[in-house]
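Listed below, chain by chain, are the residues.
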Amino acid sequence: MAPRRWRTWQYGANPLVQYARLWMPSNNDREEALKFPVAVLVHGGFWRNKYSIDNSCHDTLAPFLCSKGFAVIDSEYRRSDHEGGGYPGTNEDVLQAVNSAKEMVREGL
């Protein structure tokens, strides 16, 4: 079965920039999902608002990694132009996205 974007969720207070997406290698249940190694993608863009997850290569790279057997988390985050963005907020956002994905899987997706 083809890789697919399995779930998108909000992990912070700002739904426009604090959300993440989980990609899975195939249409798997929770038990299968716990077995995959995980790759975390963080888009670049000089930490400015005009660059986002939607104009990155993630829609190509995530399915490729899934085809190699990885589950993939990619996250949008506050950048330096957003309130609370820049250091340390941007770093905290990515960590929060990963931690929320782990919790989501533990709770049954």
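Criteria and thresholds
- Residues numbered from 1 in each chain as written.
- Predicted model: local features only at pLDDT ≥ 70, side-chain atom pairs only at ≥ 80, totals over all residues.
- Heavy atoms only, no water.
- Helix = DSSP H or I, 4+ residues; strand = E, 2+ residues; numbered from the N terminus.
- Buried < 20%, exposed > 50% of the residue type's maximum accessible area, 1.4 Å probe, protein only.
- Contact = heavy atoms within 4.5 Å.
- Areas by Shrake-Rupley, 256 points an atom, 1.4 Å probe, with all protein chains shown as cover.
- Patch = residues over 30% accessible without salt bridge, like charges linked within 9 Å, V, L, I, M, F, W, Y side chains within 5 Å.
- Salt bridge = Lys/Arg side-chain N within 4 Å of Asp/Glu carboxyl O.
- pLDDT = per-residue confidence, 0-100.
- Phe/Tyr/Trp six-rings, centres within 6.5 Å; stacked < 30°, edge-to-face > 60°.
- Lys NZ or Arg CZ within 6 Å of the ring centre and 35° of its normal.

Visitor: Looking at this structure, I do not really get the overall build of the protein. What am I missing?
Guide: Broken down by element type, the protein carries three helices and four strands. Going from N to C terminus, the protein has its helices and strands arranged as β-β-α-β-α-β-α. Relative to its full complement of 109 residues, the protein shows a buried share of 41%. Sequence separation of 24 or more characterises 61% of the internal contacts of the protein that already satisfy a separation of 6 or more. Accessible surface computed for the protein: about 6,200 Å², of which carbon and sulfur atoms make up 53%.

Visitor: What's the story with the environment of Tyr19 in this structure? I'm lost.
Guide: Note that Tyr19 resides in strand 2 (residues 19-24). Tyr19 sits 58 residues away from Tyr77 along the chain, and the two C-alpha atoms are 7.1 Å apart. The residues contacting Tyr19, other than those within four sequence positions of it, are Thr8, Trp9, Gln10, Tyr11, Ile53, Asp54, Ser75 and Glu76.

Visitor: Hey, could you run me through a nonpolar patch on the surface in this one?
Guide: Side chains of Val38, Val40 and Val42 sit close together on the surface and give an oily, nonpolar patch of about 220 Å² of accessible area. Mapped onto the elements, Val40 comes out in strand 3 (residues 38-42).

Visitor: Got a minute to help me understand the confidence of the model for the protein in this structure?
Guide: The predicted coordinates should not be examined in detail at positions where pLDDT is low. With 82% of its residues at a pLDDT of 70 or more, the protein shows a mean pLDDT of 82. Within the protein, strand 3 carries the highest mean pLDDT (90), whereas helix 1 (residues 30-33) carries the lowest (68).

Visitor: Just to check I follow, could you spell out the packing of aromatic side chains for this structure?
Guide: Any pair of aromatic rings gets described here by the distance separating the centres and the angle formed by the planes. Inspection of every chain in the model, using the stated rule, returns zero aromatic pairs. Directly above the ring of Tyr77 sits Arg79, whose terminal nitrogen or CZ lies 5.8 Å from the centroid.

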